[in-house]
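Take a look at the letters that make up each chain.
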Amino acid sequence: MEKIYSYLKCLFTLAVLFACQERSFSQNVPAVAGANQRVPAPDTTERELVPLPFGNMTTKRYQSTGSAFTITGEQLERYPTADLRNALKSLIPGLNVQEIHGAPGHTAEEEQGRYGIAEKVEITGRGLRVRYLIDDVPVDITEMMLDPREIETVTFIKDITQKAMFGPYAANGVVLIRTKRGREEGHKIRANLESGVNFVGRMPGFVPADTYAEMNNQARQNSGMAPLYTPADIEAYRNGNPYDLYHPNVNFKEMMFRNSRSFNRVNVSASGGNSTVRYFSYLGYTGEGDLYKLGGKADFNRLNVRSNLDIRINDRLKVDLNVVAGISLRRSPNFGYATSEGSGNTRLVEMDLALPMVNTVPALAFPVYAKQGSELTAPVYGVSQLFTYNPIGNLVSNGQYTETSRNAAAKLNVQYDLSGLAPGLRSETSLSFDLVNLIRMGSAEQYAAYTVRPFKTSTGADTVALAVYQNAINDPQRRNLHDYYYQRFMVYEKLDYAKTFGRHDVYASGTYLLFRVAKDGVLEPQRFQSGVFTGRYTFDKKYTVSGVLNLTGTYSFSKENRNGAFPSIGLGWVVTEENFFKNQRLFDYLKVRGEAGILGFESNYAPFHYRDRWTTSTGTAFGPGPTGRWFGSTTDASPYVTVPARIGNPNLTWEKRKEVNLGVEGTLLDGRLGFEINYYNNLRHGQITQLPNSQPFIVGVSTSLPRYNHNQTRYFGVESAWKFSGGKNDFSYTIGANFTLPGSKIIESGDPEYRNAYQFRKGNPVDAYWGHRYLGKFTSNSEASQVPQLYDQQLEAGDLKYADLNNDGVVDEQDMTAIGHLTPRLVYGIHADLKYRNFGLYILGGGCAFYDIPMTNSYFWNGWGDNNYSNFVRDNVGGAYPRLTYERVNNNFVASDFWLMNGNYFKIQNVELSYDFSDAQVTRIGLGGLMLFVRGANLLTISGVKDVDPESVNSGLTMYPLNKTLTAGLKLSF
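Small disclaimer: the values here were computed from a predicted structure and weren't measured. (Residues numbered from 1 in each chain as written. Predicted model: local features only at pLDDT ≥ 70, side-chain atom pairs only at ≥ 80, totals over all residues. Heavy atoms only, no water.)

1. Describing the sheet that holds strand S16 (residues 369-371)
- An order of S16-S17-S20-S21 is seen for the four strands of this open sheet, with the pairing classed as mixed. Of all strands in the sheet, those bounded by a partner on one side alone are S16 and strand S21 (462-470). Taking the axes of each pair of neighbouring strands and ignoring which way they run, one obtains an average angle of 45° across the sheet. (Pairing = 2+ DSSP bridges. Helix = DSSP H or I, 4+ residues; strand = E, 2+ residues; numbered from the N terminus. Axes fitted to C-alpha atoms, helices over the stretch in contact; angles between N-to-C directions.)

Put into structure tokens, the structure is as follows:
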């Protein structure tokens, strides 16, 4: 991939030379004030328009009855990342972006969670995971990852009427991405080069060998056992090295992982056109290194190619064509022995296997090698009876792979002006197809390993017993280790009518949509169809009423229940257009709006749950007799039985969203201060679920219960965004902030008949955390024996004490109640964009507040037996960590508010310092624009949570750590 990067740098240079030559003979190319200047669209500015689904549809801001929020691709460019989703952090009110792990690149299989893959970036809106549209085509964003330079706008559509314009696919809220298109601006070339480093953020630590031996001795003594390690052993471990057969001290993290990795982005785009043809073409490369010090080459590289072409055939016919292609290459050593897909330790990201193993194996468990020397063709790795994998052996000697992912997409859009039939009537036909094919090719090898057991002979001499644990497998042949595919097809036909009659503005449309997607691992292709009827009427630019009727069918339910009709309505009132408001001087613009309606939710629920499904298996022998058992007139030792695998429910139907959204927006102080405030109240009605508590286990159908439209959940909250702009002389500034105050409540759930009111989930928030109320630690053994706690036979002083809520004399699961909540009650972002002459400084920060983080992962819950000890346990024994014991005290490791921590945090998400050369400066060297910049991402975290990252407490522990990024680069235009 280094060759590709070198090639792209050459391509970048050629583009510069080509553009300089272009300027020498092209006299009609207007100069560009700066490389980052945004060219306004014809007749209007982008900020006055709200992008909506289907056919590059927009509506004027004063006519919008919803709270759709739009940002530009330029805002996303500032964030140095290979994953577009990270660049959305803290920019959009109501959109909560949480980075889960920082692995290089992305994988197309995140949504399905195949082979333990965790979602890299989780994006939710109003409590639910959003979906994506790219140029009106539904996509899984990881299957077609874009570069920010390809993007014109990103719009978060979250209110009911605007979501209904696309249908049930958008019921959770949808991120609508519009890519760039050509404009009638002459020929433009823009090029960007950026290079930098990703630094590891927080990576929790575990103790070295000597500390482990001391803590293990203490734990044994606390459990009434003799210590295992002598002072001489501990001193030997302290002075030991990773290759010492007798007293190894192996720092696996230091030996296996770097603290930084590379990041590179380079891209070139060309755009322009005239009244007949407009075009936008793009070629981009993104590359990231990996953290492995050992093993084969590890990195991620992606190429994106795009061509958007708009052709006006004649006065009535216009054709738009989008063609997209991409290829990504992930190279990595295998971590673990796996010969084919699904065998052994298959993982889509090897770090998800490596980090848990590294953190689990104590530093003194075994030396790196049991045998090594010139006489061996390969070293023999050390293992132990308890820890049977050698992390370094897994990384170095399990083979290597290259994973290639190819994606391609095409969209054809034909627009025909039917004003000959009726003025304002237009037809639009769209056909789109996209696919991904991924294959992982590599070798699967295994290393030789011996168990290493030091001991003393009868004479007291130190020696080592070596025993073969596994033999080496040398198999360098390349094989298919993993593959994946998807294919997506969509077609729609739309008729719309737009006409203005004096003070009356009318718009109406009807759209018919067909959608189908086939995915690897999903047996039945996902399908739905929609008929969408949209209307909007505006009077005198003051009053707007909009309505949508969505008629949708899905493959998920029976014929009687698979179609649904879902209406919604919106109202808008521009108060500042009223005569009685003309004389006030506070508001330049003020609008009140609201929407209400019902929309089905397309969950792509697996079909045929309305039918019974039966399976056969070998049953248990029954009847009299010492050997064979009778069955009818014969005997059979193992008769076949037929049992229900699924009980169908023919009444299963759509989950519905019943929503009310209210809002106010405006500008003040001659347009310098802009604001919007939104309130939402959304009910998920008829959520599809099994009711495991509806039948006793003795009935025998607990694994095959039918699905019902039963549960109900309400999500509500307030969202707001503010922006203040100004300046004086050579200095200008824009200060912005947004926040969300979300809440939720379970209206109906499948609760069993609890004996105590505090046990019911109904009435509590969706994110309620259930556990014991912590009262303190037992101060004496006698106190510990007074209230039986059924998790252990015996408790002692220093163990945790919980409340007996039902006063039955024992503490058990019946005493658990809601003790906290796991999602923030405040999500916020702030930014400042400062400019002084040619210098620019942009700072973006964001955070979350008023929620709890359970400290229950393997960094906090460890420290028993001969397992490893984390730095947290080392530093907090007897304080934030309970009594240290060799035998696990289960009572101390159950959910309780002892383990809850305030999750509040604030991060400096993004910083850019730039210098934009003036027109006079760049014209001298034949350029249209030149900007130099340095950028940073995830630079600073302020939180009471230590050691782990509060945004993702498992990052760096069981999955790839989050990164801090620093880059520098330049932007050119010609």
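2. Side note on unusual backbone geometry
- In this model, Ser90 sits at a positive phi of 65°, which is unusual for a non-glycine residue.
- Taking relative accessible area as the criterion, Ser90 reaches 14% and is therefore assigned buried. (Buried < 20%, exposed > 50% of the residue type's maximum accessible area, 1.4 Å probe, protein only.)

3. A word on the pattern of salt bridges
- According to the stated counting rule, one finds 62 salt bridges in the structure shown.
- With a shortest N-O distance of 2.7 Å, Arg85 and Asp83 are connected by a salt bridge. When sorted by exposure, Arg85 lands in the same class as Asp83, which is buried.
- Where Lys411 meets Asp136, a salt bridge forms, and the shortest distance between an N and an O atom there is 3.7 Å. Pair noted here: Lys411 is in strand S18 (residues 400-417) and Asp136 is in the loop between strand S7 (131-134) and strand S8 (137-139), with a separation of 275 residues, a long-range link. (Salt bridge = Lys/Arg side-chain N within 4 Å of Asp/Glu carboxyl O.)

4. Examining the sheet that holds strand S10 (residues 174-179)
- In spatial order, the strands read S3-S9-S10-S7-S8; together these five strands make up an open sheet with mixed pairing. Edge strands, defined here as strands with exactly one partner in the open sheet, are strand S3 (69-72) and S8. Strand-to-strand twist across the sheet, computed as the mean angle between neighbouring axes with direction ignored, equals 25°.
- Two strands pair when backbone bridges link them, and strand S9 (residues 151-157) and S10 are joined in this way by six bridges, in the antiparallel orientation. Bridge pairing links Val154 to Ile177 in S10.

5. With respect to the packing of aromatic side chains
- Taken as a whole and assessed by the stated rule, the structure comprises 37 aromatic pairs.
- With a centroid separation of 6.3 Å and 55° between ring planes, the pair formed by Phe587 and Phe675 is classed as tilted. Residue Phe587 is located in strand S27 (residues 587-601), and its partner Phe675 is located in strand S33 (residues 673-690); the two are separated by 88 residues in the primary sequence.
- According to the relative accessible area criterion, Phe675 is buried, its value standing at 11%.
- Relative to Phe893, the ring of Tyr881 lies with its centre 5.9 Å away and its plane at 50°, an arrangement referred to as tilted. (Phe/Tyr/Trp six-rings, centres within 6.5 Å; stacked < 30°, edge-to-face > 60°.)

6. Looking at helix H4 (residues 209-222)
- An ideal rise of 1.5 Å per residue puts 20 Å on 14 residues; H4 measures up with 20 Å between its terminal C-alpha atoms.
- Among the residues of H4, those classed as buried are Ala209, Asp210, Thr211, Tyr212, Ala213, Met215, Asn216, Asn217, Ala219 and Arg220.
- In this structure, the buried side of H4 is in contact with helix H5 (231-238) and helix H10 (871-876).
- With its phi angle positive at about 75°, Gly224 sits one or two positions after the end of H4. (Expected span 1.5 Å × (residues − 1). Contact = heavy atoms within 4.5 Å.)

7. Observations concerning the pairing of strand S41 (residues 839-849)
- Taken across its eleven residues, S41 has eight buried, putting it largely inside the fold.
- Where strand S40 (residues 826-836) hands over to S41, the hairpin turn is made up of two residues, of which Arg837 adopts a positive phi near 55°.
- As defined by bridge partners, S41 adjoins strand S44 (residues 905-916) across ten bridges and the pair is classed as antiparallel. Residue pairing across strands places Gly847 opposite Phe906, the latter belonging to S44.

By themselves, these are just geometric observations and shouldn't be taken as functional.
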